[in-house]
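Structure at a glance
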Amino acid sequence: MLKYGIIDIENIADERGELSFIQNSNLPFEIKRVFWIKPKKDKERGNHANYKCKQCIICINGKYKMSLDDGKDKKEIILSKNQGLILGPSLWRTMSDFSDDCILLVLASEEYDEKDYIRNYKKFKEAYR
Ligand code: TYD
C-alpha cells in the first residue's frame, strides 16, 4: 500500500480576503525548511524521491496532478487549493498538469541536501522494489 496523507488546510475567509495556516502540531514532522514553486503549466516537476526527507506539499492556489510510486504501487491524485499532501520518504513523485494559477508551498522535515535525493528512476527501483 502506497503511503500518503491529505490534509485540508484551514481557510478563514472574510470581507478582507482569505487567511490559511498550518502549524507543527498538524504535521507528522518538525519543519526545518520551506520552499515554494510557481510551476509552468505544461512542464513536469519532481521526478525524484528522497531517502529521508518528509514533506507536506500545500497547494496554495490552483490545482495540479501528483503521481506517486513506491516501487511497487502507483497512484495519481488531483490536488487543489488548500489541500496539503503529506509524503514520507522513499516515494518517487512527479507533479504535472498544473493550472495556470497553481502555486505550491512545501514544508520539509530536513534542510536541503542533494545527497538525500534519488533522481535516477532505475536506481530508485533497485532500492525500493
Ligand atoms: P528540483 O529538485 O529540481 O525541484 P522540483 O522538485 O520542483 O523538480 O530543484 C530545483 C533546483 O533547486 C535544484 O538545483 C536544487 C535546488 N534546490 C535548492 O537549492 N534548495 C531547495 O530547498 C530545493 C527544494 C531545491
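Now for a look at the structure at hand. Computed from a predicted structure; not experimentally measured.

Generally speaking, soluble globular proteins have nonpolar side chains that are buried together. Ile 57, Tyr 64, Met 66, Leu 85, Leu 87 and Leu 104 are the most contacted members of the largest nonpolar core, which has 17 residues in total. Put simply, the parts of the chain that give this core at least two residues each are β6 (55-61), β7 (63-69), β8 (74-80), β9 (83-87) and β11 (103-108). Ranked by residue count, the leading element in this core is β7, at three residues. The contact partners of Ile 57, leaving out residues within four places of it in the chain, are Tyr 64, Met 66, Gln 83, Gly 84, Leu 85, Leu 87, Leu 104, Leu 105 and Val 106.

With that settled, consider the site of the ligand. Every residue near the ligand is listed here: Arg 33, Phe 35, Ile 37, Arg 45, Gly 46, His 48, Tyr 112, Tyr 117 and Arg 119. Within the backbone of Gly 46, one N or O atom sits 2.7 Å away from an oxygen atom of the ligand. Within the side chain of His 48, one N or O atom sits 2.9 Å away from an oxygen atom of the ligand. For the ligand, whose accessible area on its own is 540 Å², the fraction buried by protein is 61%. Where the shell around the ligand is concerned, the elements lending two or more residues are β4 (33-37) and β5 (45-50).

What counts and how
- Residues numbered from 1 in each chain as written.
- Predicted model: local features only at pLDDT ≥ 70, side-chain atom pairs only at ≥ 80, totals over all residues.
- Heavy atoms only, no water.
- Core = buried A, V, L, I, M, F, W, Y, C linked by side-chain atoms within 4.5 Å.
- Buried < 20%, exposed > 50% of the residue type's maximum accessible area, 1.4 Å probe, protein only.
- Helix = DSSP H or I, 4+ residues; strand = E, 2+ residues; numbered from the N terminus.
- Contact = heavy atoms within 4.5 Å.
- Near = heavy atom within 4 Å.
- Polar contact = N/O pair within 3.5 Å; in protein donor to acceptor, adjacent residues only side chain to side chain.
- Areas by Shrake-Rupley, 256 points an atom, 1.4 Å probe, with all protein chains shown as cover.

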